[in-house]
Amino acid sequence: MSVATFVDVPAAQAWEAIADVGAVHERLLPGRVASAEIDGDIRILTMPGGARIRELIIAIDHELRRLAYSVIEGQAMPLTYHHAAFQVVEVDGRTQIIWTTDVLPHALAGAVQARVERGIVEMKAVLER
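Residues numbered from 1 in each chain as written. Predicted model: local features only at pLDDT ≥ 70, side-chain atom pairs only at ≥ 80, totals over all residues. Heavy atoms only, no water.

Caption draft 1: Broad picture of the sheet that holds strand β7 (residues 94–104). If you trace the seven strands from one edge of the open sheet to the other, you get β1-β7-β6-β5-β4-β3-β2, paired in antiparallel fashion. This sheet does not close on itself; its edge strands, each paired only once, are β1 (2–7) and β2 (35–39). For this sheet, the mean angle separating the axes of adjacent strands, direction not counted, is 25°. Relative to strand β6 (residues 81–91), strand β5 (residues 66–73) is paired through four bridges, and the arrangement is antiparallel. For L67, the partnering residue across the bridge sits in β6 and is F86. Set on the sheet, helix α3 (residues 109–127) makes contact with β1, β6 and β7; between it and β1 the angle comes to about 10°. (Pairing = 2+ DSSP bridges. Helix = DSSP H or I, 4+ residues; strand = E, 2+ residues; numbered from the N terminus. Axes fitted to C-alpha atoms, helices over the stretch in contact; angles between N-to-C directions. Contact = heavy atoms within 4.5 Å.)

See the structure below:
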């Protein structure tokens with residue numbers, strides 16, 4: 001599943017925020033994520049209620065402006081597989097963020113998509129401040 005939005009900031013600015021994986025709680029989802037720690041290729045997100053989510057940062061490609069990651073522990077839903085990627089692209093002089101997420105079991109895809117749709121709206125608002 002993929003969701004996309006246009007943001008009213010330069011592509012380089014949007015990419016800089018997304019690629020700053022240790023500052024997701026400050027630059028993309030303040031309030032939704034309380035803190036972020038980096039331990040090698042692992043990002044540990046602490047949520048406001050104290051829950052911790054471990055993500056494997058798979059790739060940060062500055063040339064393609066693409067970040068790929070996988071939730072490996074702590075997700076609230078009983079997912080057996082999670083892989084996601086952000087990509088920042090310029091379309092007719094505008095900046096678009098595309099968030100693609102693959103999950104198993106397929107039955108949970110709708111619930112995950114609803115979260116991703118809310119999340120990208122929140123990120124857009126933060127980036128445009």
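The structure having been displayed, the exposition proceeds.
Caption draft 2: Summary view of the layout of surface pockets. The computed volume of the largest pocket comes to approximately 730 Å³. Considering the residues around the largest pocket, the lining is formed by 31 residues, among which M47, I53, E55, W99 and R115 are closest to the centre. When contributions to the lining of the largest pocket are tallied by element, the ones reaching two or more residues are β3 (42–46), β4 (52–61), β5, β6, β7 and α3. Here the lining of the largest pocket gets seven residues from one element, more than from any other, and that element is α3. Of the residues that constitute the lining of the largest pocket, the class distribution is 20 nonpolar, five polar and six charged. (1 Å grid on protein atoms, 1.4 Å probe; cavity = no way out; pocket = protein on both sides within 12 Å on 5 of 7 lines; lining within 4 Å. Points joined across faces, edges and corners; volume = space filled by probe spheres on them. Nonpolar A, V, L, I, M, F, W, Y, C, P; charged D, E, K, R; others polar.)

Caption draft 3: Quick peek at the environment of A68. Its place among the elements puts A68 in strand β5. What makes A68 buried here is its relative accessible area of 1%. Each residue touching A68, except ones within four places of it in the same chain, is listed here: L56, I57, I58, A59, H83, A84 and A85. (Buried < 20%, exposed > 50% of the residue type's maximum accessible area, 1.4 Å probe, protein only.)

Caption draft 4: Local environment of the packing of aromatic side chains. This structure, assessed with the given rule, holds two aromatic pairs. With centroids separated by 6.1 Å and ring planes inclined at 20°, the aromatic side chains of Y69 and F86 adopt a geometry described as stacked. Residue Y69 is located in strand β5, and its partner F86 is located in strand β6; the two are separated by 17 residues in the primary sequence. The same class applies to Y69 as to F86, namely buried. The ring of Y69 carries the charged tip of R43 above its face, separated from the ring centre by 5.8 Å. Note that R94 overlies the ring of F6, its terminal NZ or CZ placed 4.1 Å from the centroid. (Phe/Tyr/Trp six-rings, centres within 6.5 Å; stacked < 30°, edge-to-face > 60°. Lys NZ or Arg CZ within 6 Å of the ring centre and 35° of its normal.)

Caption draft 5: Broad picture of the pattern of salt bridges. With the rule as written, the count across this model stands at eight salt bridges. With a shortest N-O distance of 3.9 Å, R54 and E73 are connected by a salt bridge. Taken as a pair, R54 in strand β4 and E73 in strand β5 lie far apart in primary sequence, 19 residues in all. Overall, E73 belongs to the partly exposed group, its relative accessible area being 46%. The salt bridge partner of K124 is E128, with a shortest N-O separation of 2.8 Å. Given a relative accessible area of 24%, K124 falls into the partly exposed group. Using a relative accessible area of 32% as the deciding quantity, one classes E128 as partly exposed. Each of E16, D20 and R27 takes part in salt bridges that share partners, so that together they form one network. (Salt bridge = Lys/Arg side-chain N within 4 Å of Asp/Glu carboxyl O.)

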